[in-house]
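# Topology and contacts: notes
Below are the chains, spelled out letter by letter.
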Amino acid sequence: GGSSFMTSRRRVVAPLLTQSRRLATPFAVAPLRVSTASLSQTSQKDGRAGIESVAVVPTVSSSAEGNKAQRPVLADLGISSVAREWPKMLQPQTLLQDVSAGIAVGCVAVPLSLAIALASDVPPAVGLVSAAVAGVAGGLMGGTTLAITGPAAAISLLVCEAVHTHGLSALPFITLCSGGLQVASGVFRVGAVAKLAPTSVIAGFTTGIGVMILSGQVPKALGLPIPAGLGAIEVLQAVAQSLGSVNTAAAALAVGTSAAMLLLPTVHPKMPSALIAVGGATAASRVFGLDVATVGQLPSGWEAFGQGGQPIIMPPVEALPSLLTTASLIFAMTSVETLLSCTALDKMRPTSYKHSPDQELIGQGLANCTAAAFAGMPVTAVIARSSLNAKLQANTRLPALVQSAFVFSSVTFLSDHISTIPLPALSGMLITTGIGMLTPPELRHCYAVQRTDLLPYIATAGGMLTQGLAEGIMIGLGAALVVGDSTRRMQFQRAAFVHASLWSSAAGNASNGALPPSLADARAALERIGISGGSHQFVDTRQRALSIGPATEMWKLSGPLNFMSMLAIDDLAAAIAQQPGEGEIVIDVAEVTSCEFTGGEGLLHALADVGHGRPVVVVNCNDTLEAALRHCDMGGHVSFHSTLSLQT
């Protein structure tokens, strides 16, 4: 019974602990812990208990807390780091390529900035001026070499709500506060906190914004006067009731612009489809004398930048709580949008400058402060323009400056031509953007890894459409905590050995080779392994071989892999980086309890990034976990092994 089992347990555990201490590897700073996973299993042949698995783990990194060395604050705003990148912009071998990329991005930035200003319910000049001045600060000081800064569709509805609530005159103050919070966040190195945003919630936010953009722009594209303040469903109902009053010329321009933006990239991916589509619509409107609304008179030349240097209007004290709440929400969403865009861009096209979330926040914060100084609107690192920059084979930060100069020149010298752009064409652009936001690719990945992530996605999008932007985000975060394993935290430890079945390596003369005849044989097997040196051959349940040698670095994870694990994953990456080597990085996930896309993708990307080309192997995956992690490993940088057995 129980007493004989405990006696047998004590009889074997004590010698194993003694042996494990004797074989402790040099990096162990505390006694090794031997985990006897299945002492209760009994051989039917001789009735004696056996040890199914033994894992020897030093307590070098017993948890995710306190593992990362404390880094100093960026008191110099990171200038000492990014300044080394500036001379590269003038390298002769990349100069022509970067200038051409910047001009192409500028061709996209001008019509998009106009369209986003339209969606944000601010004057068109505000969007153009913000893109021109903020692009310089973001390009020079940002934490991602190829990122392009400017107004973004994803936050246009937040800006629109802020303008309707507080008035256009309060927008520079809100933008300044948002930028100041970003700079402070970067200086004190809290950029990693943005990684805690669940991907499912971000996907829901994207869909919600897409629906709102469509509901706001469809009436304008059809030339219908729809009352302000209606919800998305109410707008659709109003459109259906007013179909007899559709302006066919406006509808034709909107449909033509949208179709051109969808079809032109299939002809050539580097074609400036936005500029061609809007330019074509403007030409058609002039040639045929169409009766449609246009952008209208813009400040000419330098007048557009005339607000620069003027003091920002300080709101009354009683309005500050509401204004600061709005600024905090815009700060949070612009920061998340920026960091997600730059992370995706870094994966798409790595550069010699390693992406820094903290530096990116400083750069975007300075960009927002600069925009505020010119009475502008909030800006972010925009994935559409940034990815185009990467596809155009840009190499340095120069394209960000060139596209800003292009926008600046357009405002200064072409304002008369820009003023004739038909508004339905800009609505067509936004409709195309909104359609693309309805089904974000992150949703597919989240669903493939963990189907319950549909709940936070639906809760976020539904909450935004029925309750409001901030309310929808909070509802989505609550749903993510409910469906995730939020009561536990991921932990990691440096391991001297991985979990592996020892039946096949047991000493003695077991008749069928399945179970060792005694606990002593399991101990002998442990002695034969030679933990402190030598290479060991393993095979998993699918007969895939794996060799682990002295140069192999092994880590054991436990607990859930979810969005709450992102800070622990950063700590793990920092711990691996502190002990550089040349061998494989082996991650033992035998004790990982669950996986959702945010945590799984974050782990594998961090491992690939910190490994610097070293092979990364994830072992002891059950079928469900392996399938989930394979969906997260979109770069194909990691190899997977199911349950390992030691081969003798």
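Keep in mind that this is a model prediction, so the values were computed, not measured.

## So, the overall build of the chain
Counting its secondary structure elements, the chain contains 23 helices and 13 strands. Taken over 648 residues, the chain has a buried fraction of 54%. By element, 61% of the accessible surface of the chain is carried by carbon and sulfur atoms, the whole surface being about 27,100 Å².

## Concerning the side chain of Thr 144
Relative to the helices and strands, Thr 144 is located in the loop between helix H4 (124-141) and strand E3 (149-150). The buried category is assigned to Thr 144, whose relative accessible area is 6%. Leaving out residues up to four positions away in the same chain, Thr 144 has contacts with Cys 342, Leu 345, Tyr 353, His 355, Glu 360 and Arg 397.

## Here's the deal with the environment of Leu 477
Tracing the backbone through its elements, the reader meets Leu 477 in helix H19 (residues 469-483). Between the C-alpha atom of Leu 477 and that of Ala 197, which follows or precedes it by 280 residues, the distance is 8.1 Å.

## A few points about the nonpolar core
If you look at the biggest cluster of nonpolar residues, it comprises 76 residues, and the most contacted ones within it are Val 122, Leu 128, Ile 209, Val 407, Leu 426 and Met 429. With 13 residues, helix H3 (residues 92-120) is the largest single contributor of residues to this core. Those residues in contact with Val 122 that lie beyond four places of it in its chain are Ala 117, Val 159, Val 163, Leu 168, Leu 171 and Met 377.

## Things to note about the packing of aromatic side chains
Applying the stated criterion across every chain, the model contains 1 aromatic pair. Of note, Arg 397 hangs over the ring of Tyr 353, and the distance from its end group to the ring centre comes to 5.0 Å.

## A look at the sheet that holds strand E5 (residues 491-495)
Strands sit in the order E5-E9-E10-E11-E12 across an open sheet of 5 strands; the sheet is mixed. Across the chains shown, the open sheet's two edge strands, defined by having one partner strand only, are E5 and strand E12 (638-640). Each strand of the sheet is rotated relative to its neighbour by a mean of 25 degrees, with strand direction disregarded. The pairing of strand E11 (residues 616-619) with E12 spans 3 bridges and is parallel. The residue bridging Val 616 from the neighbouring strand is Val 638, located in E12. Strands strand E9 (553-561), strand E10 (585-595), E11 and E12 of the sheet are contacted by helix H22 (residues 597-611), whose axis makes an angle of about 160 degrees with E9. The strands that helix H23 (residues 623-632) touches are E9, E10, E11 and E12; relative to E10, the one it contacts most, it runs at about 110 degrees.

## Describing the pattern of salt bridges
Within the structure shown, the criterion is met by 10 salt bridges. For the salt bridge of Asp 358 with Arg 189, the shortest nitrogen-to-oxygen distance reads 3.7 Å. You can see Asp 358 sitting in helix H12 (residues 357-373) and its partner Arg 189 sitting in the loop between helix H6 (171-187) and helix H7 (199-221), a full 169 residues away along the chain. Residue Asp 358 is classed as buried on the basis of its relative accessible area of 4%.

## Examining the environment of Gln 537
Structurally, Gln 537 is set in strand E7 (residues 536-540). For Gln 537, a relative accessible area of 41% corresponds to the partly exposed category. C-alpha of Gln 537 to C-alpha of Ser 547: the two residues are 10 residues apart in sequence and 4.6 Å apart in space.

## Some words on unusual backbone geometry
Even without being glycine, Gln 393 reaches a positive phi, approximately 65 degrees. Tracing the backbone shows Gln 393 in the loop between helix H13 (383-391) and helix H14 (398-413). Backbone geometry at Asn 620 places phi at a positive 60 degrees, although glycine is not the residue there. Residue position: Asn 620 is located in the loop between E11 and H23. Looking at Asn 620, the relative accessible area reads 9%, which means it is buried.

## Thoughts on the state of the cysteines
Under the counting rule described, the total for this entry stands at 0 disulfides. Looking at the unpaired Cys 632, the closest cysteine sulfur is the one in Cys 595, lying at 4.5 Å.

## Concerning the packing of H3 against helix H5 (residues 156-166)
Helix packing geometry: the angle between the two helix axes and the distance between the axes. Close contact between H3 and H5 brings their axes to 7 Å; oriented N to C, the two are set at 45 degrees. When the axes of H3 and H5 are compared, the pair comes out oblique. Contacts from Ile 116, Ala 119 and Ser 120 of H3 reach H5 at Ser 156, Val 159, Cys 160 and Val 163. For the contact of H3 with H5, the per-class residue count stands at 5 nonpolar, 2 polar and no charged.

## Thoughts on helix H9 (residues 248-267)
The end-to-end C-alpha distance of H9, which contains 20 residues, comes to 28 Å, matching closely the 28 Å that a straight helix rising 1.5 Å per residue would cover. Most pronounced at Met 261, the bend in H9 amounts to some 25 degrees, and the proline Pro 265 follows within four residues. Among all positions of H9, only Ala 249, Ala 250, Ala 251, Leu 253, Ala 254, Thr 257, Ser 258, Met 261 and Leu 264 are buried. Where H9 is buried, its residues touch H7, helix H10 (273-288) and helix H16 (423-438).

## Comments concerning the pairing of E9
Of all 9 residues that make up E9, 9 are buried, and the element is covered over most of its length. Relative to E9, E5 runs antiparallel, the two sharing 5 bridges. Residue pairing in the sheet places Phe 492 in a bridge with Leu 557 of E9. Here 8 bridges tie E9 to E10, and the two strands are oriented parallel to one another. The partner of Met 554 across the bridge, within E10, is Val 586.

## Details of the packing of H7 against helix H18 (residues 454-466)
Viewed as axis vectors pointing N to C, H7 and H18 meet at an angle of 35 degrees, and their least axial separation amounts to 7 Å. In this structure, H7 meets H18 at a crossing whose hand is right-handed. Within the contact between the two elements, H7 uses Ser 200, Val 201, Ala 203, Gly 204, Phe 205, Thr 207, Gly 208, Ile 209, Val 211 and Met 212 and H18 uses Pro 456, Tyr 457, Thr 460, Ala 461, Met 464 and Leu 465. In terms of residue class, the contact of H7 with H18 is built from 11 nonpolar, 5 polar and no charged.

## Regarding the confidence of the model for the chain
Mean pLDDT over the chain works out to 82, with 82% of the residues at or above the 70 mark. The low-confidence segment residues 503-519, where pLDDT is below 50, has 39 contacts with residues more than four positions distant or belonging to other chains. Segment residues 529-533 is flagged for pLDDT under 50; beyond a separation of four residues in sequence, or across chains, it makes 12 contacts in the model.

Thresholds, definitions, all that
- Residue numbering note: each chain is counted from 1, following its sequence as written.
- Note on the predicted model: pLDDT of at least 70 is required for a residue's local features to be given, and 80 or more for side-chain atom pairs to be given and counted; whole-chain, interface and lining totals, by contrast, use all residues.
- Calculation of side-chain values draws on the structure's entire complement of heavy atoms; hydrogens and water are dropped beforehand.
- Each helix is a run of DSSP H or I of at least 4 residues and each strand a run of E of at least 2, with the numbering of both proceeding from the N terminus.
- Think of it in three bands: with a 1.4 Å probe and only protein chains considered, a residue is buried below 20% of the maximum accessible area for its type, exposed above 50%, and partly exposed in between.
- Using a 1.4 Å probe, the Shrake-Rupley method yields the accessible areas, and only the shown protein chains count as cover for residues.
- We call two residues contacting when some pair of their heavy atoms lies within 4.5 Å.
- The set of buried Ala, Val, Leu, Ile, Met, Phe, Trp, Tyr and Cys residues whose side-chain atoms join them within 4.5 Å is what this entry labels a nonpolar core.
- Two rings belonging to Phe, Tyr or Trp (six-membered ring only in the last case) form a pair when the distance between their centres is within 6.5 Å. Interplanar angles under 30 degrees mark stacking, angles over 60 mark edge-to-face geometry, and anything in between is tilted.
- Charge-over-ring contacts are defined here by two conditions on Lys NZ or Arg CZ: a distance within 6 Å of the ring centre and an angle within 35 degrees of the ring normal.
- Paired strands, in this sense, are two strands between which DSSP finds at least two bridges.
- Axis definition: a line fitted to C-alpha atoms, limited for helices to the stretch in contact. Angles are taken between N-to-C directions and run from 0 to 180 degrees.
- For this analysis, a salt bridge means a side-chain nitrogen from Lys or Arg found within 4 Å of a carboxyl oxygen belonging to Asp or Glu.
- Note on terminology: pairs of cysteine sulfur atoms within 2.5 Å are recorded as disulfides.
- Relative orientations are named as follows: roughly parallel for angles under 35 degrees, roughly antiparallel for angles over 145 degrees, roughly perpendicular for angles from 65 to 115 degrees, and oblique for any other angle.
- Ten residues, namely Ala, Val, Leu, Ile, Met, Phe, Trp, Tyr, Cys and Pro, are considered nonpolar, four, namely Asp, Glu, Lys and Arg, are considered charged, and the remaining ones, Gly among them, are considered polar.
- Residue count minus one, scaled by 1.5 Å, sets the expected span of a helix.
- Two axes enter the definition of the bend at a residue: one is fitted to the seven residues ending there, the other to the seven starting there, and the bend is the angle between them.
- In this scheme the handedness of a crossing depends on how the near helix is turned from the far one: anticlockwise by less than a right angle means left-handed, clockwise means right-handed.
- On a scale of 0 to 100, pLDDT captures the predictor's confidence in every residue.

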